[in-house]
Each structure stands twice: as C-alpha cells, then as structure tokens.
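Commentary on secondary and tertiary structure
One letter stands for each residue in the lines below.
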Amino acid sequence: MQLDERLAAIAAFVPHGTTLADIGGDHAYLAATLVMEGTARRAVVGDLSAGACAAARRTTQAWRLTREIDVRQGDGLSVLVPGEAEAIVIAGMGGALIAQILDAAPDILADVQTLVLQPMNGAAKLRRWLYEHGWDIVDETLACAGGHLYEIIRAEHGAAEMPDDVFLHIGAKIFEKRDPLLREYIEAKIAKLTRAAAGMNASEKARQSEEYCETVSLLAALRTMLALC
C-alpha cells in the first residue's frame, strides 16, 4: 500500500509502538500501513460517514487486519474511551473543526501522548488552541501532494509560550527548520492575503475594519519572514 506525500508525512510523525486512533480515517489506508509496518500495535479508525466506515472495513478485510484495526462510526473523539489511544491523528479537516473536536473531549485527551494534526485551513486557530490548552508543538512539516501544500503538526503535552502571531500562521518549527517548501508556502499565503486585502481596500468601510488592519499587519510580517528564508 503506497501512501501519498501527505499521508506519508503524517505517518512519519506517529510514534513507534503506539496505539493509534485515526479520526476521519476514510479508507483506513494510514492505519493499515502503520499497523503493517509495526508502528502502531493496534488502531481505531473513526468516521462520521457510514460510507467511509464501509470503505475502511473493506481495507481491513482485504489486508486481514480486522483484529488489529477497529472501525467505528461516530462523531469526533466520541468513538474512543479514555486510555484507549496513545496517539491521535486528525487530518483533512479545517483547523477550527479539529480544535472543536479536541475541545469536546478532555477526558480522552488526558491519556493521549501525541497529536498529529493536518488542517486543511485555519491552522493559526488550531495552533492557538493547542498553546492555550497545554499542548506543545514539538514538530511541524510541509508536504506537497496533488499540487497542494499541506501543514502537518505534531503536538505533545507540555507548557509552551504563545509565539508571535505570524508563527501561528506559518508554524515556528516549519520556519526554524527552513523546510524545503517554506518559501513556496509563505509565497502562497502572501498571494492569498494580498487578494483579500485588495478586495477589502475597494471599500472604505472594509478599510476601517479590524480584519483589514490584521490582514495588512500579517502581510508585512510574512514578507519579513520571506526575506529571511
């Protein structure tokens, strides 16, 4: 089973020998690969969609992993009981939704050692939630798959100081490592924010808004970071 660059980057952040929960696990390719490689001893794959759960069960049956991987239909972390998972992967959802899923299950997270998160958008909101709720972002990386750039975050329990706002948007660890995709990543963010600022600039009311001020400030910070790449 060959994982694409996005799933391979997520898999690389999962600790060896863990018990895994993959929330929104779709076809269960990630869980199946990690179990077969021996990275995960066993796994729970949770998904709200009945169709996704059916596809996941077909994968576990095809690879004879029905004993090692339990597929459960349910919302977020409600598919788990406390102490069941040492590592949790949540990928392919918006950052705000991932934060909401995590926020709704403090009893589950109490026993979790590692979070591996891949937000499709809203990464700054997710990073802020992690810092505010006792999680330290210990590593981050970028992956390119299907022409899209993806951010992958690995967090563990620990007190960490809230970074400057720009690093909530680009990831302090991504910048520190000078990730090979960093320049492309920042340039894409600058292009998106430039379009947004131009749209707001056409309206006097929008120019006076807090959102416009924040957008212009972030653009300036990102351009500074780009010059340092």
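Source: prediction; values computed, not measured.

What counts and how
- Residues numbered from 1 in each chain as written.
- Predicted model: local features only at pLDDT ≥ 70, side-chain atom pairs only at ≥ 80, totals over all residues.
- Heavy atoms only, no water.
- Helix = DSSP H or I, 4+ residues; strand = E, 2+ residues; numbered from the N terminus.
- Rg over C-alpha atoms; globule rule 2.2 N^0.38 Å.
- Buried < 20%, exposed > 50% of the residue type's maximum accessible area, 1.4 Å probe, protein only.
- Contact = heavy atoms within 4.5 Å.
- Areas by Shrake-Rupley, 256 points an atom, 1.4 Å probe, with all protein chains shown as cover.
- Lys, Arg positive; Asp, Glu negative; His and termini not counted.
- Charge placed at Lys NZ, Arg CZ, Asp CG, Glu CD.
- Arc of directions from axis to C-beta.
- Pairing = 2+ DSSP bridges.
- Axes fitted to C-alpha atoms, helices over the stretch in contact; angles between N-to-C directions.
- Salt bridge = Lys/Arg side-chain N within 4 Å of Asp/Glu carboxyl O.
- Polar contact = N/O pair within 3.5 Å; in protein donor to acceptor, adjacent residues only side chain to side chain.
- Parallel < 35°, antiparallel > 145°, perpendicular 65-115°, else oblique.
- Left-handed = near helix turned anticlockwise from the far one by under 90°.
- Nonpolar A, V, L, I, M, F, W, Y, C, P; charged D, E, K, R; others polar.

**Examining the overall build of the protein**
Helix and strand content of the protein: eleven helices and seven strands. Rg of the C-alpha trace for the protein: 19 Å, near the compact-globule value of 17 Å for 229 residues, within the 12% margin. Projecting the C-alpha coordinates of the protein onto the three principal axes gives extents of approximately 60 × 35 × 30 Å. A burial count over the protein gives 49% of its 229 residues as buried. Considering only contacts within the protein whose residues lie at least 6 apart along the sequence, 67% involve residues at least 24 apart. Per element, the accessible surface of the protein, about 11,200 Å² overall, is 50% carbon and sulfur. Here the protein contributes 22 positive and 31 negative side-chain charges, whose respective centroids are spaced 4 Å apart.

**Details of the environment of Y131**
Mapping Y131 onto the fold places it in helix α6 (residues 123-132). According to the relative accessible area criterion, Y131 is buried, its value standing at 15%. Between the alpha carbons of Y131 and L168 there is a distance of 9.8 Å; along the sequence they are 37 residues apart. For Y131, the contacting residues outside a window of four places in its chain are I137, A160, E161, M162, P163 and L168.

**A closer look at the environment of A56**
Assignment of secondary structure puts A56 in helix α3 (residues 50-62). With relative accessibility at 1%, the residue A56 sits in the buried group. Here the alpha-carbon distance between A56 and H27, two residues 29 residues apart in the chain, equals 4.2 Å. If we ignore the near neighbours within four places in the chain, the residues touching A56 are D26, H27, A28, V45 and V71.

**Details of unusual backbone geometry**
Positive phi is not limited to glycine here, since D26 has a value of about 55°. Judged by relative accessible area, which is 38%, D26 ranks as partly exposed.

**Topic: helix α4 (residues 95-103)**
Note on helix geometry: an α-helix contains 3.6 residues per turn, so any two residues three or four positions apart are oriented the same way. Three or more residues of α4 are buried, namely G95, I98, A99, I101 and L102. Down the axis of α4, the buried side of the element spans an arc of 160°, and every buried residue falls inside it. Turning to α4, the residues buried within the fold contact β4 (87-93), α5 (106-109), β5 (114-119) and α6.

**Considering the sheet that holds strand β2 (residues 40-47)**
Strand order across the open sheet formed by seven strands is β3-β2-β1-β4-β5-β7-β6, with mixed pairing between neighbours. Because the sheet does not close on itself, it has two edges, and the strands there are β3 (69-73) and β6 (135-145). With direction set aside, neighbouring strand axes in the sheet form an average angle of 15°. With four bridges connecting them, β5 and strand β7 (residues 148-157) associate as antiparallel partners. Opposite L117, over in β7, you have I153 as the bridge partner. In the packing of α4 onto the sheet, the strands contacted are β4 and β5, and the crossing angle to β4 comes to about 150°. This element, helix α9 (residues 182-201), spans β6 and β7 of the sheet and lies at about 105° to β7.

**Comments concerning the pattern of salt bridges**
Enumeration over the complete set of coordinates arrives at ten salt bridges. In this structure, E140 and R127 form a salt bridge, with 2.6 Å as the shortest nitrogen-oxygen distance. One end of the pair, E140, is in strand β6; the other, R127, is in helix α6, with 13 residues separating them in the sequence. Like E140, the residue R127 is buried in the burial classification.

**Comments concerning the side chain of T33**
Mapped onto the secondary structure, T33 falls in helix α2 (residues 29-37). Separated by 2.9 Å, the side chain of T33 and the backbone oxygen of Y29 make a polar contact. Setting aside anything within four residues of it in sequence, one finds T33 in contact with M1 and L3.

**So, the packing of α9 against helix α11 (residues 210-227)**
Interhelical geometry of α9 versus α11 gives an angle of 150° and a closest axis separation of 9 Å. Between α9 and α11, the angle is such that the two are roughly antiparallel. Helix-helix and strand crossings are classified by hand; for α9 and α11 the assignment is left-handed. Contact residues: α9 offers R183, I186, E187, K189, I190, L193, T194, A197, M200 and N201, while α11 offers E211, Y212, T215, L218, L219, L222, R223, M225 and L226. In terms of residue class, the contact of α9 with α11 is made up of eleven nonpolar, three polar and five charged.

That is the geometry; function is a separate question.
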